[in-house]
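Breakdown of the fold
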Amino acid sequence: MTPLRALGGTSDILPEEARAWQQLEEKARRVFHLYGYQEIRTPLIEEAALFTRSLGEAAEIVTKQIYLFEDRGGRSVALRPEGTASVVRAFIEHGMDKTASLSRFYYLGPMFRAERPQAGRKRQFHQVGVEALGSASPYQDVEVLALLVQILKEFGLKMGSPGEPGVILKLNNLGCRNDRPVMLKKLADYFAGHLNDLCEDCRQRFKVNPLRILDCKNEKCRSIAHGSIPPESEWLCADCRAHVDTVKKALAALKINFEWDPRLVRGLDYYSRTAFEIVHPEWGAQNAVGGGGRYDDLVAMLGGNPTPAVGFAIGLERILLALGEREEKPQGPKVFIATVTAADIPDGMALAETARRKGISVVPNLEDRPLKRQMEQAEKLGCSATVIRGESERAKGVVLLKKMASREQIEISEGTWVETLQKFLSE
Ligand code: AMP
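In this report, we go over the structure that sits alongside the text.

Conventions and cut-offs
Residues numbered from 1 in each chain as written. Predicted model: local features only at pLDDT ≥ 70, side-chain atom pairs only at ≥ 80, totals over all residues. Heavy atoms only, no water. Helix = DSSP H or I, 4+ residues; strand = E, 2+ residues; numbered from the N terminus. Rg over C-alpha atoms; globule rule 2.2 N^0.38 Å. Buried < 20%, exposed > 50% of the residue type's maximum accessible area, 1.4 Å probe, protein only. Areas by Shrake-Rupley, 256 points an atom, 1.4 Å probe, with all protein chains shown as cover. Pairing = 2+ DSSP bridges. Axes fitted to C-alpha atoms, helices over the stretch in contact; angles between N-to-C directions. Contact = heavy atoms within 4.5 Å. Salt bridge = Lys/Arg side-chain N within 4 Å of Asp/Glu carboxyl O. Polar contact = N/O pair within 3.5 Å; in protein donor to acceptor, adjacent residues only side chain to side chain. Phe/Tyr/Trp six-rings, centres within 6.5 Å; stacked < 30°, edge-to-face > 60°. Lys NZ or Arg CZ within 6 Å of the ring centre and 35° of its normal. Near = heavy atom within 4 Å. Nonpolar A, V, L, I, M, F, W, Y, C, P; charged D, E, K, R; others polar.

Looking now at the overall build of the chain. Along the backbone of the chain there are 15 helices and 16 strands. Computed over its C-alpha atoms, the radius of gyration of the chain comes to 28 Å, more than 25% above the 22 Å expected for a compact globule of 427 residues. If you line up the chain on its principal axes, its C-alpha atoms span 90 × 55 × 45 Å. Counting only residues that meet the buried cut, the chain has 48% of its 427 residues in that class. Surface summary for the chain: the accessible area is close to 21,500 Å², and the carbon and sulfur share equals 51%.

Pasting the structure below:
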């Protein structure tokens, strides 16, 4: 029989890689905690309508990438392609839109998109992200951006500035729902004159949402799009301009470098005002490490009390790619418990339980095999010590402690063996 394999675009994370993942997750949690953000965990599957309603019909995620299926009850469900829609659904479902307080959430976990797999582009990938719901203040955008930059630094990435290597924060102002129709009309007028030169997808985008054309990776479409953005004075309202000006000034005060990019529109429809992306300048088309922005209309669009909000998501596969190969030895047990005969195994297991209660990572022998083989296994596991016990040690009320590096072997009383072991391991 042909052995089964993981689905294309999904990966097993084996123990030698898992340490790097755990470290990223630990670092992320630490920074989230420092900024007062709390974890929220939402289901991996949701009603499909949640995503089709919130992400926008013309968004590539919805048209091409969403994992959509009918469950056994005939309901249309989807694997979550991103985190924001689910967090907003939970926010409304649990009545948090009815309180005046600010909610600061973070999440961490797998997302699913049916994409053509390649380096840094998976079908199951992992994001960490935050959502701050309840504040319209431009300083909330700045807090989220400061947190984003801090987390990237904590991960070990260098934030670049013009002329210096490192990842770059790109920023744009998308305007509000009042500005959008003016902007769309101007874009539509512009692209109407170039329709024949646009790719097939963009001609479709032109009909549904011309803003999406700015997202196209096709070189020709990109060069056409270059001249499409009308000057801010022709479509952006005074409030939106003031909002993003305040964001820019506060970023300068916090010494956070950014690059202004009027073509940055993000792949989803729900963003307004501040939109941003972290890009790796050497990565070509798939250059985004993370991104986010303000989404003041989404809570109301999904049926909640109007609540302004802002957030971001970072792709962990891309972070690991940016950091380069960093395989680390998985952390194995510190101590092996060896036993002399098969009849001693339960006693060895009991010793292991005693040590674990004191916080020591222990693996006991479980097989009927000679002591020599057991010592070989202790070496292989990278243990610092082996505790040996058989009938004669039990009769004397002792255990033998073998220090693996020096090969020294000492006899210790069974009343104090765990303390002695702890002392040795901390040396
Ligand atoms: P997006 O919601 O598309 O802006 O995605 C946010 C971040 O998630 C991106 O900047 C990437 O780092 C990451 N990401 C998105 N799609 C994928 C994917 N298919 N595979 C790996 N990472 C992804």
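On to the sheet that holds strand 3 (residues 68-70). What links the strands of a sheet is backbone hydrogen bonding, and the strands pair in either a parallel or an antiparallel sense. Reading across from one edge, 2-4-3 is the order of the three strands in this open sheet, with antiparallel pairing throughout. Only two strands of the sheet have a single partner each, and these edge strands are strand 2 (45-47) and strand 3. Strand-to-strand twist in this sheet, taken as the mean axis angle between neighbours without regard to direction, amounts to 35°. Contacts between helix 2 (residues 48-55) and the sheet are confined to strand 2, strand 3 and strand 4 (76-79), with strand 2 contributing the most and set at about 75° to the helix.

Applying the stated criterion across every chain yields a total of 31 salt bridges. For Glu39, the salt bridge identified is with Arg41, shortest N-O distance 2.9 Å. Ionic pairing is found between Glu376 and Lys372, a salt bridge with its closest N-O pair at 3.6 Å. Of this pair, Glu376 and Lys372 both sit in helix 13 (residues 371-381), four residues apart, which is roughly one turn of the helix. Several salt bridges converge on common partners, so that one network encompasses Asp344, Asp347, Arg389, Glu391, Arg394 and Glu414.

What follows covers the side chain of Asn173. Topologically, Asn173 is positioned in strand 7 (residues 168-173). Within the structure, Asn173 has its side chain in polar contact with the backbone nitrogen of Gly175 (distance 3.1 Å). Separated by 3.2 Å, the side chain of Asn173 and the backbone oxygen of Cys240 make a polar contact. Residue contacts for Asn173: discarding those within four places in its chain leaves Trp235, Leu236, Cys240, Arg241, Val244, Trp260 and Arg273.

Take the packing of aromatic side chains next. Considering all chains together, one arrives at four aromatic pairs under this definition. Site record: aromatic cluster; members linked through ring pairs are Tyr270, Tyr271 and Tyr295. The ring of Trp260 carries the charged tip of Lys248 above its face, separated from the ring centre by 3.9 Å.

This next bit is on the site of the ligand. Close to the ligand lie 14 residues; Arg113, Glu115, Lys122, Arg266 and Val289 are nearest. In the environment of the ligand, a nitrogen atom lies 2.4 Å from a nitrogen or oxygen atom belonging to the side chain of Glu115. Within the backbone of Gly315, one N or O atom sits 3.3 Å away from an oxygen atom of the ligand. Summarising the interface, the protein chains cover 91% of the accessible area of the ligand, which totals 480 Å² for the free molecule. Sorting the residues of the shell around the ligand by element identifies strand 6 (124-133), strand 10 (288-294) and strand 11 (309-315) as the ones contributing at least two each. No other element matches the three residues that strand 10 contributes to the shell around the ligand. Residues that form the shell around the ligand fall into these classes: four nonpolar, four polar and six charged.

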